Amino acid sequence: MSESPAAIVTAAGQGIGAAIARTLAAAGYRLVVTSNGGGAEQLAGELPSAVAVTGSVADPDHLAAVVGTAMEHFGRIDAVVNNTGHAAKGDLLELTDEDWHQGLDMLLLNVVRMTRLVTPIMQEQGGGAFVNISTFSAFEPSLTFPISSAIRAGLGSYIKLYADSYGADGIRINNLLPGFIDSHPESPENVAAIPMGRYGRVDEIASVVRFLVSDESSYITGQNLKVDGGMARSV
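Residues numbered from 1 in each chain as written. Predicted model: local features only at pLDDT ≥ 70, side-chain atom pairs only at ≥ 80, totals over all residues. Heavy atoms only, no water.

As for the nonpolar core
- Core analysis: the largest hydrophobic core is formed by 34 residues, its most contacted members being Ile20, Leu24, Leu31, Val33 and Leu176.
- Listed by contribution, the elements that provide at least two residues to this core are β1 (6-9), α1 (15-26), β2 (30-35), α2 (39-46), β3 (50-54), β4 (79-82), β5 (128-133) and α8 (202-213).
- Not counting residues up to four positions away in its chain, the partners in contact with leucine 176 are Val131, Asn132, Ile133, Ser134, Thr135, Ile205, Val208, Val209, Leu212, Leu225 and Val227.
- Core analysis: the next-biggest nonpolar cluster, separate from the first, contains 32 residues, Ile8, Val67, Leu107 and Val112 among them. (Core = buried A, V, L, I, M, F, W, Y, C linked by side-chain atoms within 4.5 Å. Buried < 20%, exposed > 50% of the residue type's maximum accessible area, 1.4 Å probe, protein only. Helix = DSSP H or I, 4+ residues; strand = E, 2+ residues; numbered from the N terminus. Contact = heavy atoms within 4.5 Å.)

Re empty space enclosed by the protein
- For the coordinates displayed, the defined rule picks out 1 cavity of 30 Å³ or more.
- Of the voids in this model, the largest cavity is the one considered here, and its volume is about 30 Å³.
- Asn82, Thr84, Leu107, Asn110, Val111, Asn132, Ile133, Arg152 and Leu155 together form the lining of the largest cavity. (1 Å grid on protein atoms, 1.4 Å probe; cavity = no way out; pocket = protein on both sides within 12 Å on 5 of 7 lines; lining within 4 Å. Points joined across faces, edges and corners; volume = space filled by probe spheres on them.)

Remarks on the environment of lysine 160
- Following the sequence through the fold, lysine 160 ends up in helix α6 (residues 146-166).
- Between the C-alpha atoms of lysine 160 and valine 66, which are 94 residues apart in sequence, the distance is 25 Å.
- Apart from residues lying up to four places away in sequence, lysine 160 is in contact with Gly222, Gln223 and Asn224.

Overview of the sheet that holds β4
- Pairing is parallel across the open sheet formed by 7 strands, whose spatial order is β3-β2-β1-β4-β5-β6-β7. Two strands lie at the open edges of the sheet, namely β3 and β7 (223-227), each paired on one side alone. Sheet twist, expressed as the mean angle between neighbouring strand axes with direction ignored, is 15 degrees.
- Examined bridge by bridge, β1 and β2 share 4 bridges and lie parallel to one another. Among the inter-strand pairings, alanine 7 is bridged to a residue of β2, identified as leucine 31.
- Where helix α3 (residues 60-74) meets the sheet, it contacts β1, β2 and β3, and its direction lies at approximately 160 degrees from that of β2.
- Along the sheet face, helix α5 (residues 109-125) touches β1, β4, β5 and β6 (171-178) and points at about 170 degrees away from the line of β5. (Pairing = 2+ DSSP bridges. Axes fitted to C-alpha atoms, helices over the stretch in contact; angles between N-to-C directions.)

What about the layout of surface pockets?
- In this model, the largest pocket occupies a volume close to 1100 Å³.
- Along the wall of the largest pocket there are 42 residues; nearest its centre are Thr84, Gly85, His86, Ser183 and His184.
- Residue assignment for the lining of the largest pocket shows that the elements contributing at least two residues are α1, α4 (97-107), α6 and α7 (188-192).
- Ranked by residue count, the leading element in the lining of the largest pocket is α1, at 3 residues.
- A class-by-class count of the residues in the lining of the largest pocket yields 18 nonpolar, 21 polar and 3 charged. (Nonpolar A, V, L, I, M, F, W, Y, C, P; charged D, E, K, R; others polar.)

Side note on the packing of α4 against α5
- At a closest axis distance of 3 Å, the pairing of α4 and α5 adopts a crossing angle of 35 degrees. For the pair formed by α4 and α5, the contact residues are Leu104, Asp105, Met106 and Leu107 on the first element and Leu109, Asn110 and Arg113 on the second.

Focus: unusual backbone geometry
- The phi torsion at alanine 11 lies on the positive side, around 50 degrees, for a residue other than glycine.
- Here alanine 11 lies in the loop between β1 and α1.

As for the side chain of asparagine 110
- Among the structural elements, asparagine 110 can be located in helix α5.
- The buried category is assigned to asparagine 110, whose relative accessible area is 2%.
- A polar contact of 3.3 Å, which involves the side chain of asparagine 110, links it to the backbone oxygen of methionine 106.
- Here asparagine 110 is in contact with Val57, Leu63, Asn82, Thr84 and Asp105, once residues within four sequence places are set aside. (Polar contact = N/O pair within 3.5 Å; in protein donor to acceptor, adjacent residues only side chain to side chain.)

Dropping the structure here:
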């Protein structure tokens, strides 16, 4: 490919999303970055070739606008990083139907809708890659994150189905499952559960994303990759 690749990074206003955007920009990607507030606008002003769109990943119209912006400015989409915020937390049986529906929109349907929008584009251009930022609790459910644990387990199944359907088109999809990351306050209890004895850094997550959207990972698809300092116990 002679021209620079183009990528979308959602929820890029701060934390993991911002680190991913900066890392991809340093790797030569042209970017569309999004956030609920003004964080993406500020970030886009700092990066060499980036455009910001403000809105929620839970809003289908916003996602369509993001994809439209990428095609208008860059004419292609080589990678999509589906990052998002946090679902409601609370006692399992006290979470409302609205809490669960909001979690579904934010944690699963965001990916379903984005793949629906971008897959035809990637098919026409001969391939591409999706990376979805999930969580360690997708396969080791935590009562601290009940909605995220349950719905992102479904996301793990969704990418298997997608990889089966579109792998032959050269389109790859993977979930990245972070543990505790330094974009959030540390607690001694959490640190004690991590074999490496520390929180991960946002740049460590971003480096793995860069790998997963690059040709260096060209034979990796349908995987749920834990990046958690060894915290997950499942084999």
